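Below, each chain spelled out in residue letters.
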Amino acid sequence: MRNLVIIMALLFSVTIFAQDIKPTFEKEGDQIKGTFYYEDGTVRQQGFYNKKGILHGEWKAYDTTGKKIAMGQYTYGKKTGKWFFWGADKLSEVNYDKNQIAEVTTWSNQDNVVVNYKN
């Protein structure tokens, strides 16, 4: 279970580099909002950078149909707090502490079972 969550988190981070449509960047207050796209133009990921270009603030990832598949927070380039990953039949809540996975809780629609992993 933990390996699956780690793989999902890595894919979420790496997908920024695997695309043909150039990302867009817009200034919003003190931050820069970055939007990354699939080949067909639908939004793949969207989130914020601080003035120094470091990931900072909320990030969301979407599948090719526009359905949200991941959401979490960066604080000065590090994953912090609770991140959520949606799958076909489950929701995984990953709690980060100092950019490390501290706890994983998974809910399954089929079993009505919660699986909890603490590091």
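Refer to the structure printed above.
Criteria and thresholds
- Residues numbered from 1 in each chain as written.
- Predicted model: local features only at pLDDT ≥ 70, side-chain atom pairs only at ≥ 80, totals over all residues.
- Heavy atoms only, no water.
- Core = buried A, V, L, I, M, F, W, Y, C linked by side-chain atoms within 4.5 Å.
- Buried < 20%, exposed > 50% of the residue type's maximum accessible area, 1.4 Å probe, protein only.
- Helix = DSSP H or I, 4+ residues; strand = E, 2+ residues; numbered from the N terminus.
- Contact = heavy atoms within 4.5 Å.
- Salt bridge = Lys/Arg side-chain N within 4 Å of Asp/Glu carboxyl O.
- Polar contact = N/O pair within 3.5 Å; in protein donor to acceptor, adjacent residues only side chain to side chain.
- Pairing = 2+ DSSP bridges.

Draft legend 1. Molecular detail of the nonpolar core. Formed by 13 residues in total, the largest nonpolar core has its most connected members in Trp59, Trp83 and Val94. Where this core is concerned, the elements lending two or more residues are strand E4 (55-62), strand E5 (68-75), strand E6 (78-86), strand E7 (90-97) and strand E8 (100-108). Examining the composition of this core, we find that 3 residues originate from one element, E4, more than from any other.

Draft legend 2. Inspection of unusual backbone geometry at higher detail. Of note, the phi angle at Tyr76 is positive, near 50°, even though the residue is not glycine. With respect to the helices and strands, the residue Tyr76 is situated in the loop between E5 and E6. Residue classification places Tyr76 among the exposed positions, given a relative accessible area of 56%. With phi around 55°, Lys98 is a residue other than glycine that occupies positive phi space. Along the polypeptide, Lys98 turns up in the loop between E7 and E8.

Draft legend 3. Representation of the environment of Leu55 in the model. Within the secondary structure, Leu55 sits in strand E4. Separated by 24 residues in sequence, Leu55 and Lys79 have C-alpha atoms that sit 9.1 Å apart. Sequence-distant contacts of Leu55, defined by excluding residues within four places in its chain, comprise Phe48, Tyr49, Tyr74, Thr75, Tyr76 and Gly77.

Draft legend 4. Representation of the pattern of salt bridges in the model. Going through the model one piece at a time under the given rule, you end up with 3 salt bridges. Here Lys33 ties to Glu28 by a salt bridge, and the two come within 3.7 Å at their closest N and O atoms. Residue Glu28 is classed as partly exposed on the basis of its relative accessible area, which comes to 36%. Between Lys60 and Glu58 there is a salt bridge; the shortest N-O distance is 3.6 Å. The partly exposed category is assigned to Lys60, whose relative accessible area is 24%.

Draft legend 5. Structural view of the side chain of Ser92. Topologically, Ser92 is positioned in strand E7. A relative accessible area of 2% places Ser92 in the buried class. Looking at Ser92, its side chain comes within polar contact range of the side chain of Thr106, at 3.3 Å.

Draft legend 6. Examining the pairing of strand E3 (residues 43-49) more closely. Judged by how many residues are buried, E3 sits mostly within the fold: 5 of 7 residues are covered. Bridge count between strand E2 (residues 31-37) and E3: 6 bridges; the pairing is antiparallel. Bridge assignment links Ile32 to a residue of E3, and that residue is Tyr49. The turn linking E3 back onto E4 is made up of 5 residues, and Gly53 within it adopts a positive phi angle of 80°.

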